[in-house]
Amino acid sequence: MARTVRELKDRLKLIDLVLEVRDARIPFSSANPELENLVRHKRRLIVLNKADLAAPDKQQAVLHRFQEQQLSALFTSSQKQGSIQQLLQTIMRRLKADKPNADMLMIMAVGIPNSGKSTLINALRHAAKLGKGSSSGGKAATGATPGLTRHISGFQVGERPTAFLMDTPGVMLPNVPNEEVGMRLALTGAIKDSIVGEERLVQHLLLELAHQPSFTGEKPGLISKHAEKVPLLQRATTAAVDTIRHSLQDSQPAKDWADELTSLQQLNHDVDMDDGLAALQHTLQQKTLDMDKSRLDASYRKLLQAYRAGGLGRYTLDSL
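Residues numbered from 1 in each chain as written. Predicted model: local features only at pLDDT ≥ 70, side-chain atom pairs only at ≥ 80, totals over all residues. Heavy atoms only, no water.

Asker: I tried to follow the overall build of the protein on my own but got confused; where do I start?
Answerer: Each helix and strand in the protein was counted, giving twelve helices and six strands. By residue count, 51% of the 320 residues in the protein fall in the buried class. Taking contacts inside the protein between residues at least 6 apart in sequence as the whole, the part at least 24 apart equals 75%. Accessible area for the protein stands at about 16,100 Å²; split by element, carbon and sulfur atoms hold 47% of it. (Helix = DSSP H or I, 4+ residues; strand = E, 2+ residues; numbered from the N terminus. Buried < 20%, exposed > 50% of the residue type's maximum accessible area, 1.4 Å probe, protein only. Contact = heavy atoms within 4.5 Å. Areas by Shrake-Rupley, 256 points an atom, 1.4 Å probe, with all protein chains shown as cover.)

Rendered as structure tokens:
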């Protein structure tokens, strides 16, 4: 990682705008302080990618937080053409306003692993309306700028002026500040499941869902879109979430958990964190008698995949 950071620092000298790509589901936990230190003197736009997986009713509050920090941020989704077009227009409009006489502009995308940087770049490349003969494909950017050919390899995303966008390796946080941030990074895929463990991730996911008032588990097909009936894993997930909610209410009768997303660090220690996982396992084993460890592990993977694909709903995990 140290080598990557050094290379980024060298390349930043040629960059006109930095796109800091974050995960919209964890807009603050997916920030990397080391990257922020590198780019703090550069023009920067925070791109909150995967907005189609984040809670829509939280977006204005998130943007307000960034405005308070005097940072520009924009929600986008690599999967939606209209969203990518809006991002591209914002990028070019800002660059033309800041450097109206430039012949060529360089843009760099940075972020933590699995924030969707490369997918976003490809979406921008396809969305760019480039003239005949432009290098919108896989051709590396070349030009007369000293060091350009040697240090920069990217795609053209705009013309008049010519604009190139380059990808960079994902840079993970040098230190995860606390367990809550670490688990949220793992839930969204920034940290490998094998490092944390799928069972522990599912346990944390159930706890997160218990603090999401919008999760009811009543809508058929949350996990299987084509299911005529509520699938077993969905019923088990709902039972587990309900168990955790009852535990929270019993341990904190004076607190209405549905009012806001509660920090895990503030939870009462009397709450048994294994209750939700036990309820999930019990429901699965009750319906499938031969639910051994390998089948349980497969169910955990399916549940995590469902969450990451939006099959459980759209949630913003960070507190606002």
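Asker: Just to check I follow, could you spell out unusual backbone geometry for this structure?
Answerer: Most of the time, phi is negative for any residue but glycine, and the peptide bond is trans. Within the chain, Gln70 stands out as a residue other than glycine whose phi angle is a positive 60°. Structurally, the position occupied by Gln70 is in the loop between α3 (59-68) and β3 (73-75). In this structure, Asn114 takes a positive phi of about 65° despite not being glycine. Topologically, Asn114 is positioned in the loop between β4 (104-111) and α5 (117-127).

Asker: I would appreciate a short explanation of the environment of Pro161 in the present structure.
Answerer: The residue Pro161 is located in the loop between β5 (154-158) and β6 (162-166) in this model. Looking at Pro161, the relative accessible area reads 11%, which means it is buried. Sequence separation between Pro161 and Ala102 is 59 residues; the distance between their C-alpha atoms is 6.5 Å. With residues near it in sequence (within four places) discarded, Pro161 still touches Met92, Lys96, Ala102, Asp103, Met104 and Leu105.

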